[in-house]
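# Geometric and topological summary
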Amino acid sequence: MRISTKGRYALRLMLDLALHNTPTPVRLKEIAARQEISDKYLEQIISVLNKAGYVRSVRGPQGGYLLTRPTTEYTVGMILRLTEGSLAPVECLDTETGSCDKSNDCITLLVFQKMNEAVNEVIDNITLADLVDWKLQKEGDFSI
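In short, a report on the structure.

What counts as what
- Residues numbered from 1 in each chain as written.
- Predicted model: local features only at pLDDT ≥ 70, side-chain atom pairs only at ≥ 80, totals over all residues.
- Heavy atoms only, no water.
- Helix = DSSP H or I, 4+ residues; strand = E, 2+ residues; numbered from the N terminus.
- Buried < 20%, exposed > 50% of the residue type's maximum accessible area, 1.4 Å probe, protein only.
- Phe/Tyr/Trp six-rings, centres within 6.5 Å; stacked < 30°, edge-to-face > 60°.
- Axes fitted to C-alpha atoms, helices over the stretch in contact; angles between N-to-C directions.
- Parallel < 35°, antiparallel > 145°, perpendicular 65-115°, else oblique.
- Contact = heavy atoms within 4.5 Å.
- Nonpolar A, V, L, I, M, F, W, Y, C, P; charged D, E, K, R; others polar.
- Arc of directions from axis to C-beta.
- Pairing = 2+ DSSP bridges.
- Salt bridge = Lys/Arg side-chain N within 4 Å of Asp/Glu carboxyl O.

Right, let's get into unusual backbone geometry. In most cases, non-glycine residues show a negative phi, while peptide bonds are predominantly trans. Here the phi dihedral of E36 falls at roughly 55 degrees; this positive angle occurs in a residue that is not glycine. You can see E36 is positioned in the loop between α2 (28-35) and α3 (39-51). A relative accessible area of 73% places E36 in the exposed class.

With that settled, consider the packing of aromatic side chains. For the structure shown, the criterion picks out two aromatic pairs. Centroid distance Y9 to Y41: 5.5 Å. Interplanar angle 75 degrees. Geometry classified as edge-to-face. Of this pair, Y9 sits in helix α1 (residues 5-19) while Y41 sits in helix α3, placing them 32 residues apart in sequence. Note on Y41: relative accessible area 24%, which makes it partly exposed. Ring centres of Y54 and Y74 lie 5.8 Å apart, and the angle between their planes is 70 degrees; this geometry places the pair in the edge-to-face category. Residue Y54 is located in the loop between α3 and β1 (55-58), and its partner Y74 is located in the loop between β2 (64-67) and α4 (76-84); the two are separated by 20 residues in the primary sequence.

Glancing now at the packing of α1 against α3. Where α1 contacts α3, the two axes come as close as 10 Å, and the packing angle between them is 75 degrees. In this view, α1 runs roughly perpendicular relative to α3, as classed from their interaxial angle. On the side of α1, the interface is formed by T5, K6, Y9, A10, L13, M14 and L17, while α3 contributes Y41, L42, I45, I46, V48 and L49. Looking at the contact of α1 with α3 residue by residue, the classes come out as eleven nonpolar, one polar and one charged.

This part takes up α4. Turn by turn, an α-helix covers 3.6 residues, leaving residues three or four places apart pointing in a common direction. Those residues of α4 not exposed but buried are V76, G77, I79, L80 and T83. Here the buried residues of α4 occupy an arc of 165 degrees about the axis, which is enough to place them on one side. Against the buried residues of α4 lie α1, α5 (108-123) and α6 (128-139). Where α4 terminates, the next one or two residues include G85, which has phi positive at roughly 85 degrees.

A separate point is the pairing of β2. Alignment of β1 against β2, held across four bridges, turns out to be antiparallel. Its bridge partner lying in β2, R56 is registered against L66. Between β1 and β2, which pair antiparallel in sequence order, lie five residues; one of them, G60, sits at a positive phi of approximately 110 degrees.

As a further point, take the pattern of salt bridges. Tallying each qualifying case throughout the model produces five salt bridges. The residue E30 makes a salt bridge to R27 at a minimum N-O spacing of 3.8 Å. In this structure E30 comes out as partly exposed when scored by relative accessible area, which is 34%. R27 gets classed as partly exposed once you look at its relative accessible area, which sits at 35%.

See the structure below:
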């Protein structure tokens, strides 16, 4: 499994919004500049996040984007699955496409199931709030 730039940038975008989580909307151009990501690419990603209700768009001269819920309610898994789709390491574990005919006899499937469970355990238990805390600790800034 490899996470694409879309998934990685979506996490960075959401983290940036979380770090600047005030009543004032954050402009996409500001995020693009801070994250050194093309604002055109971020527009595509923010559209997906907006349609899913993860962010809210505010129009006008003071417009931008805001998170729609507390940072503790977003998991890395939610964001990655939204932007990446299935994170299963093999197609036969992907619930959208189904299983293969050999799954009952496939011993290697156990390896891939364990991999999938381990990945999901990690990404579903790390919140955006955790990422904010880790970022602030790394910078030595313990106040927001």
